[in-house]
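Architecture at a glance
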Amino acid sequence: MTSDQTPHGPSLVDEAAGAVPIRCVTAEAWPAVEAGMPPLQRSFAAATGFAPKAGRVALLPGEDGGLGLVLLGLGEAGEGHRDRFLAGKLPGALPAGHYRLEPCEALDAAEAALAWLLGSYRFERYRKPGEPRPRLVAPEGVDAAAVGRIARAVAAGRDLVNTPANDLGPAEVEAAMRALGERFGAAVAVTLGEDLARDFPLVHAVGAASPRAPRLIDLTWGDADAPRVTLVGKGVVFDTGGLDIKPASNMLLMKKDMGGAAAALAAAEMIMGAGLPVRLRLIVPSVENAIAGDAFRPGDVIRSRAGLTVEIGNTDAEGRLILADALALADAEEPELILDFATLTGAARVALGPDLPAFFTEDEGLAGAVAEAGDRVNDPVWRLPLHPPYASLLDSKIADLNNAPGGGFAGAITAALFLRRFVRRTRAHVHFDLYGWNPSTKPGRPEGGEVQTARLAYALVAERYPRKG
């Protein structure tokens, strides 16, 4: 490759003559590094007050007066938690040009390269393109193709989350999945209209009030005899709350309510791009939860695809409804693994904040593998319990269960328990309750849409089903 940009996002550059070196500096190493620099650079660093604090960047001149060296501070070795994506700060701090990372024991080269690409992301669909971004030469020993695939999948997912609902409805989610399927030779089936009302009644009910038709999109890829892995993503393109309407302030970010679908698409792109030996299935129920005369109502009782009747306690708890039908479809095939992704509850955010998605599973071994994968690829999660006694909070007096009973306790847990009722055959099921948004810019994580848990999911599947040879 000769450019850092493709139609799907940034990539590493194979090589570039005269690339400016980037030297990572810990507090402990700084005295020796400073002493070894040419007098001009040493004086310039002192004059600008550079200190190797975590995230501090210094641009030092070369003998010809041009940019000769970049310093990236890493802080002290034992100073709290060092952000593993610190290198992701550099694309926003450096002028256009080519750069190369010098070997650094304190920084993993592959992780730094990925952080750089993730930090290079910009959403410019509605704005005049900005200045060219700096480009990074692939560090020695790093699989540039693999890092680029991951970064491009993340960029594509971020684009989906960042696109406002007027330009991203259920049809556009379908188009994104069809385009993804076409790239990798996957089959895509879509259920709409009367077929949706019959086969996926909860999906149909949630989306009935919107002029943009709800649908269930089903992608399959890979050898039919390979281990079956199914990803399910919540695709609510905008959530007014329905008749239980949200306050205006709570609607401002509701374009991100399809963040679970974006994460699932990103994970699927990584899996297919790597050619993992699995039979992959990606299921996305996509709807707009709007308000009209045919909107579903609080108190309605709807029979789900699984046969369970659901009393509607709150129309703003719509995500679990569309996921229930999608999970019933996924479970019927009894795959070896089901992962579902959803911007499901504010309760998870209150408990863990925006940066740490909650996850739920009954499989203890799988729980450990999920946490380890998230830590390994810097895509962290935290397990919350599927506390069985709380299942009684979902009781209904007139139906099998209520989607949002009163009380407000343990909202993320009761939502996960609700979903679990629709996965009857598959024990290896993980539910991710994620925020799907970076409230502020951090290294490698620009403010805006984020496909949390997508890289984790890919790492988990790759570890369980590695490529042979």
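In this numbering scheme, every chain counts its residues from 1 along its sequence in written order. At least 70 in pLDDT is required for a residue's local features to be given in this predicted model, at least 80 for side-chain atom pairs to be given and counted, and no such filter applies to totals for whole chains, interfaces and linings, which use all residues. The basis for every side-chain value is the complete set of heavy atoms in the structure, and neither hydrogens nor water enter the calculation.

Helix and strand labels come from DSSP, where a helix needs a run of H or I of at least four residues and a strand needs a run of E of at least two; each type is numbered from the N terminus. Each helix and strand counted, the chain has 14 helices and 21 strands in total. The C-alpha atoms of the chain give a radius of gyration of 24 Å, which matches the 23 Å a tight globule of 469 residues would have. With respect to the principal axes defined by its C-alpha atoms, the chain has extents near 80 × 45 × 45 Å. The buried label goes to any residue with under 20% of its type's maximum accessible area, the exposed label to any with over 50%, and the partly exposed label to all in between, with areas taken from a 1.4 Å probe on protein chains only. Per-residue burial for the chain yields a buried fraction of 55% across its 469 residues. This count recognises Lys and Arg as positive and Asp and Glu as negative, with His and chain-terminal groups excluded. In this description, the location of a charge corresponds to atom NZ of lysine, CZ of arginine, CG of aspartate or CD of glutamate. Averaged over its 48 positive side-chain charges, the chain has a centre that lies 1 Å from the centre of its 58 negative ones. Radius of gyration here is computed from C-alpha atoms only, and the compact-globule reference equals 2.2 Å multiplied by the residue count raised to the power 0.38.

Attention now moves to the sheet that holds strand β7 (residues 135-136). Spatial strand order, β4-β5-β3-β6-β7: five strands in an open sheet with mixed pairing. Looking along the sheet, the strands with just one partner apiece sit at the ends: β4 (57-61) and β7. Relative to strand β6 (residues 98-101), strand β3 (residues 20-26) is paired through three bridges, and the arrangement is parallel. Each bridged residue has a counterpart across the sheet, and for P21 the counterpart in β6 is R100. Whether two residues are in contact is decided by their heavy atoms, any of which lying within 4.5 Å being enough. Angles shown run from 0 to 180 degrees and are taken between the N-to-C directions of axes, each axis being a line fitted to C-alpha atoms and, for helices, limited to the stretch in contact. Across the sheet, helix α2 (residues 39-47) is in contact with β4 and β5 (67-75); its angle to β4 comes to roughly 140°. Pairing between strands is defined by DSSP: at least two bridges between them are needed.

Its 14 residues place the ends of helix α10 (residues 319-332) 20 Å apart at the C-alpha level, agreeing with the 20 Å of an ideal helix rising 1.5 Å per residue. For α10, the buried fraction is high: 13 of the 14 residues fall into the buried class. Two residues or fewer past α10, E334 is found with a positive phi of approximately 50°. A helix's residues, less one, multiplied by 1.5 Å, set its expected span.

What follows covers the state of the cysteines. Throughout, disulfides are identified as pairs of cysteine sulfur atoms within 2.5 Å of each other. Within this structure, the stated rule accounts for zero disulfides. C104 provides the cysteine sulfur closest to C24, a residue in no disulfide bond, and the two sulfurs are 4.1 Å apart. On the basis of relative accessibility, which here comes to 12%, the residue C24 falls in the buried class.

UniProt positions are given in the numbering used here, feature names are shortened, and annotations may be inferred rather than shown by experiment. The UniProt entry lists residues 314-321 under the feature "domain: Cytosol aminopeptidase" (unreviewed entry), expressed in the numbering used here. As annotated, residues 314-321 comprises 38% helix and 0% strand, and the C-alpha atoms at either end are separated by 11 Å.

Time to look at the packing of aromatic side chains. Only the six-membered ring of Trp is used, alongside the rings of Phe and Tyr, when aromatic pairs are assigned; centres must lie within 6.5 Å, and planes under 30 degrees apart are stacked while those over 60 apart are edge-to-face, with the rest tilted. Per the stated rule, a full pass over the model turns up six aromatic pairs. An angle of 70° between the planes, with centres 5.1 Å apart, marks the rings of W30 and F50 as edge-to-face. With W30 in helix α1 (residues 30-36) and F50 in the loop between α2 and β4, the pair connects residues that are 20 residues apart, well separated along the chain. Given the relative accessible area of 10%, F50 is considered buried. Each residue in the set F341, F359 and F432 is aromatic and connected to the rest through ring pairs, giving one cluster. Two thresholds decide whether a charge sits over a ring: the Lys NZ or Arg CZ must be within 6 Å of the ring centre and within 35 degrees of the ring normal. Its end group placed over the ring of Y435, K256 keeps NZ or CZ at 4.1 Å from the ring centre.

Once that is clear, we can look at the pairing of β6. Only one face of β6 is covered, namely the one carrying Y99 and L101; the face carrying H98 and R100 has none of its residues buried. Of the strand pairs in this sheet, β6 and β7 are connected by two bridges, and their pairing is parallel. Pairing of Y99 across the sheet is with L136, part of β7.

Turning our attention to the pattern of salt bridges. What makes a salt bridge here is a side-chain nitrogen of Lys or Arg within 4 Å of a carboxyl oxygen of Asp or Glu, nothing more. In this structure the tally under the stated criterion is 28 salt bridges. For K246, the salt bridge goes to D316, with nearest N and O atoms at 3.1 Å. Placement of K246 in the loop between β11 (235-239) and α8 (248-251) and of D316 in the loop between β14 (309-311) and α10 is noted, with a sequence separation of 70 residues between them. The residue D355 makes a salt bridge to K442 at a minimum N-O spacing of 2.5 Å. Here K442 lies in the loop between β20 (437-438) and β21 (448-449) and D355 lies in the loop between α11 (346-352) and β16 (358-360), a separation of 87 residues in the sequence. For D355, a relative accessible area of 37% translates into the label partly exposed. The structure contains a network of salt bridges with shared partners spanning D218, R228, R281 and E333.

For the rest of this paragraph, the subject is a nonpolar patch on the surface. Residues with no salt bridge and a relative accessible area higher than 30% make up the patches, which join like charges within 9 Å and nonpolar side chains (Val, Leu, Ile, Met, Phe, Trp, Tyr) within 5 Å. Surface accessibility follows the Shrake-Rupley procedure with a 1.4 Å probe radius. Residue values consider only the protein chains on display as shielding. Together, L243, I245 and I291 line one region of the surface with nonpolar side chains, adding up to about 260 Å² of accessible area. Mapped onto the elements, I245 comes out in the loop between β11 and α8.

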